[in-house]
Amino acid sequence: MDINEMNDGMDKLSVQFKQMVTKIGELREQINAVLEENSELKIENKHLRELLENSGKKNEGVQELSKSKKLLEKLYNQGFHVCNESYGKRRLQDESCIFCTQIIYGER
């Protein structure tokens, strides 16, 4: 092996080494991005779990409809008004009526 072959070999190794360093730098950046995203998702997940727990506590106080309100709800879902203003009249194209929903779902 002469000196020119040794220099060529060293040049090739040098180029390969630089490529490996570049590739390692790119991989390090990708790993950092994934770790950062993972941290953000952990924080978001924690907040969502807290919200879910809080909403579960709020829903514990929700009461079920009485028999009479269930019957009114059934009539309303069949397309009839149950409010004082239009009781028994058909709702056109099943439009919603704020008075009916207040009677059925309002707190009294």
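Below you will find a few notes about this structure. Residue positions within a chain follow its written sequence, with the count starting from 1. For a predicted model such as this one, the threshold for reporting local features is a pLDDT of at least 70, and the threshold for listing and counting side-chain atom pairs is 80 or more; totals across whole chains, interfaces and linings nevertheless cover every residue. Only hydrogens and water are set aside when side-chain values are computed; all heavy atoms of the structure are taken into account.

Secondary structure summary: the protein contains three helices and zero strands in total. C-alpha atoms define the radius of gyration in this analysis, and the globule rule sets the expected value at 2.2 Å times the number of residues to the power 0.38. Here the C-alpha radius of gyration of the protein, 35 Å, is well above what a compact globule of 108 residues would show, namely 13 Å. The principal-axis extent of the C-alpha atoms belonging to the protein is close to 105 × 35 × 15 Å. Throughout this description, buried means an accessible area under 20% of the type-specific maximum (1.4 Å probe, protein chains only), exposed means over 50%, and partly exposed covers the range between. The proportion of buried residues among the 108 residues of the protein is 10%. Only heavy atoms enter the contact rule, under which two residues are in contact if any of them lie within 4.5 Å. The long-range share in the protein, meaning contacts at least 24 apart out of those at least 6 apart in sequence, stands at 24%. The Shrake-Rupley method, run with a 1.4 Å probe, gives the accessible areas here. Residue values count only the displayed protein chains as cover. Surface exposure of the protein reaches about 10000 Å², of which carbon and sulfur atoms provide 55%. The charge count treats Lys and Arg as positive and Asp and Glu as negative. His and the chain ends do not count. By convention, charge coordinates are those of NZ in Lys, CZ in Arg, CG in Asp, or CD in Glu. The centroid of the 17 positive side-chain charges in the protein is displaced by 15 Å from the centroid of its 19 negative side-chain charges. Per the convention used, a helix needs a DSSP run of H or I reaching at least four residues, while a strand needs a run of E reaching at least two, with both numbered from the N terminus.

Everything listed here is a matter of geometry and, on its own, says nothing about what the molecule does.
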